[in-house]
Amino acid sequence: MANMAHAPAAEAEGETRRDFLLHTTIAMGAVGTGMMVWPLIHSMNPAADTLSLSTAEFNISGVAEGQRITVVWRGKPVFVAHRTAKEIDDARKVDLDELRDSQPDEARVIKGKDQYLILVGTCTHLGCIPMGVKATEPHGDYGGWFCPCHGSHYDTSGRIRRGPAPKNLEVPPYQFLSDTTVRIG
Amino acid sequence: MSTEKSAWRKAYEWHEARLPIVTWLDHSLGTKYPVPRNLNYWWNFGSLAMFMLAVMIFSGIILAMNYTPHVTMAFDSVERIMRDVNYGWLIRYMHANGASFFFIVVYIHIFRGMYYGSYKSPREVLWWLGILIYLAMMAAGFLGYVLPWGQMSFWGATVITSLFSAVPGVGDAIVTLLWGGFSVDNPTLNRFYSLHYLLPFVIVGLVFLHIWALHVPGANNPLGIDAAPADKIPFYPYYVAKDVFGLGVFIVIYFIVVFWAPNLLGDPANYEKANPMVTPPHIVPEWYYLAFYAILRSIPDKLTGVVAMFGAILILFALPWLDTSRVRSANFRPVFRVFFWIFVANAAMLTWCGAQLPEGPPLILGRIGTFWYFFHFFVLLPVLGWVETPKPLPASISQSVMKPAE
């Protein structure tokens, strides 16, 4: 209070009319500032035209057994793999207790379409694109994908097996519109 | 009060001993800044101008995140801001109307300085810095108006940059340099965007100097006499409270326009994409330039017109010496006070003329107004200082208040 010498000394005790006015003014100012700051911040969220790009459709019949392709969804790569019987078998015989992010292969594919594995192609460590779509690229020690940035190995179900990544490759929301057409998002 | 200092107090003093920023602020805009006790509401417009500068910078930074400075995409990127970006319409309307309100506030601030003689000794440098801020604002406003790349943007840019072709000898070379080509085109848009982003921060620097220059003599006051220490009160809380109240009233008016009449001050032609092959039938600048535009069009010679237009602004630098009266406040200058209001009315008339087609009565009125504008500065002000008998000045601010009680 030393440098507020002009405050009336007689009202130093307790709540005064001036305190009330000061506090309500500050409160109204804070509410008003908040109401103005929110539009400024929210404007940085995805705009309507960005949100409208949130689905992608493609024809899956062109993906031969053993082949992997990349499609684009929301500006990111999505891996589509047509797995061989051996790859499916490898993914399903793993002891789930060994997995860092334990999840059965059956939960990562659509029943009846077990050969098709669809994954967001972004390493769950720091966002690089793992290698392994092309046959000539490294597939890691588990026959799936290998992230060259920091050495994460994913298996034939896209699950993390070794390296710094904490989670399995994400399975995006998708559905089969027909036997051959898939919509992601 | 315990003698034991709290941890916060110790940390504060530790930091303050190394960078006394709180002390500095307290001396700048706090309890250690003494201000005359008799300021009226016309003195609110300095802080309002600072508020508008902040609004323009914050809304502009957000707009820049969504704007594309390319001739094929600029117009569409602005429409995307209006339609798709969350609250983009609000932020853009705040920015576009913010320019208008910034100028409204600054014009009132300038006229207040003219009425109360705030430009007179010892505040000449303070006045100069204010004119420099005004010039930077005009440049920033012009550059910003080009960015949406509408018809008025394009043709306004063409006309204003072509003013420099009036320079004898090197005029065309200067215009080519400004354009970065042979017409207003993509290089022009890119550099205008760059400079439009730069100028606000130049203005911030000038405002800093303006406030510094204000603090040396201290604020003028409605009586125009030097305020004795006993006639001053601390800026905080008294004028902070008054400024905040004025700010509240101002924000209400500003947002009434932003929400309910956002295109009131704009030109519909700017919602049409720039077309370098078609000039709109009637090109007008934004309202805040119209008075000077009227002066330009009043003079039927290219070079003289351009010189008159720029001279109308630059003459303000000489105002402290053109006005030969040593009495600051117009309240004590009965003749000057009349001519001050004639000057304001003349500026308003020139603004109206600037929006009309330059023919018939508006052209004649524009010429009369142009004559009067310069007559006011070059003849009236110097002569008035000699022939006018001012009313007696009070000895102090408190004496002027106590008088009726005598």
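For the structure itself, look to the data block above.
Residues numbered from 1 in each chain as written. Chains lettered and ligands numbered in written order. Predicted model: local features only at pLDDT ≥ 70, side-chain atom pairs only at ≥ 80, totals over all residues.

Undergrad: Help me understand the overall build of chain B, please; the structure alone is not making it clear to me.
TA: When you go through chain B residue by residue, the secondary structure sums to 16 helices and two strands. For 406 residues, the compact-globule formula gives about 22 Å, and the C-alpha radius of gyration of chain B, at 24 Å, lands near that figure. The principal-axis extent of the C-alpha atoms belonging to chain B is close to 75 × 65 × 40 Å. A burial count over chain B gives 35% of its 406 residues as buried. For chain B, restricting intrachain contacts to residue pairs at least 6 apart in sequence, the fraction spanning at least 24 positions comes to 78%. (Helix = DSSP H or I, 4+ residues; strand = E, 2+ residues; numbered from the N terminus. Rg over C-alpha atoms; globule rule 2.2 N^0.38 Å. Buried ≥ 20, exposed ≤ 12 C-beta atoms within 10 Å, placed from the backbone. Contact = placed C-beta atoms within 7 Å.)

Undergrad: Honestly, the environment of T70 of chain A in this entry has me stumped. Any pointers?
TA: Residues and elements named next belong to chain A. Within the secondary structure, T70 is located in strand β2 (residues 68-73). With 13 C-beta atoms counted inside 10 Å, the residue T70 sits in the partly exposed group. Along the backbone, T70 and D114 are 44 residues apart, and their C-alpha atoms lie at a distance of 18 Å. Setting aside its immediate chain neighbours within four residues, T70 contacts P77, V78, F79, G121 and V133.

Undergrad: Whenever I open this one, the interface of chain B and chain A confuses me. Can you help?
TA: Where interface size is given, it is often the accessible area lost as the parts come together that is meant. With 13 residues of chain B at the contact, the number on the chain A side is eleven residues. Of the residues assigned to the side of chain B that touches chain A, the class counts are eight nonpolar, three polar and two charged. (Nonpolar A, V, L, I, M, F, W, Y, C, P; charged D, E, K, R; others polar.)

Undergrad: Teacher, can you tell me more about the sheet that holds strand β7 (residues 160-162) of chain A here?
TA: All names here are of chain A. If you walk across this open sheet you meet the three strands as β5-β6-β7, and the pairing is antiparallel. In the strand order of this sheet, the two ends are held by β5 (143-147) and β7, each with one partner. With direction set aside, neighbouring strand axes in the sheet form an average angle of 35°. Where β5 meets strand β6 (residues 152-155), four bridges bridge the pair, whose relative direction is antiparallel. Residue pairing in the sheet places G143 in a bridge with D155 of β6. (Pairing = 2+ DSSP bridges. Axes fitted to C-alpha atoms, helices over the stretch in contact; angles between N-to-C directions.)

Undergrad: Is there a simple way to think about the sheet that holds β2 of chain A in this case?
TA: Paired through backbone hydrogen bonds, the strands of a sheet run either parallel or antiparallel to each other. All names here are of chain A. Taken together, the three strands give an open sheet; going across it, the order is β2-β3-β4, and neighbouring strands pair in antiparallel fashion. Sheet topology places β2 and β4 (116-120) at the edges, where each strand pairs with a single neighbour. On average, each strand axis in the sheet is inclined to that of its neighbour by 25°, with strand direction left out of account. The sheet contact formed by strand β3 (residues 76-82) and β4 spans five bridges and is antiparallel. Looking across to β4, one finds that F79 is bridged to L119.

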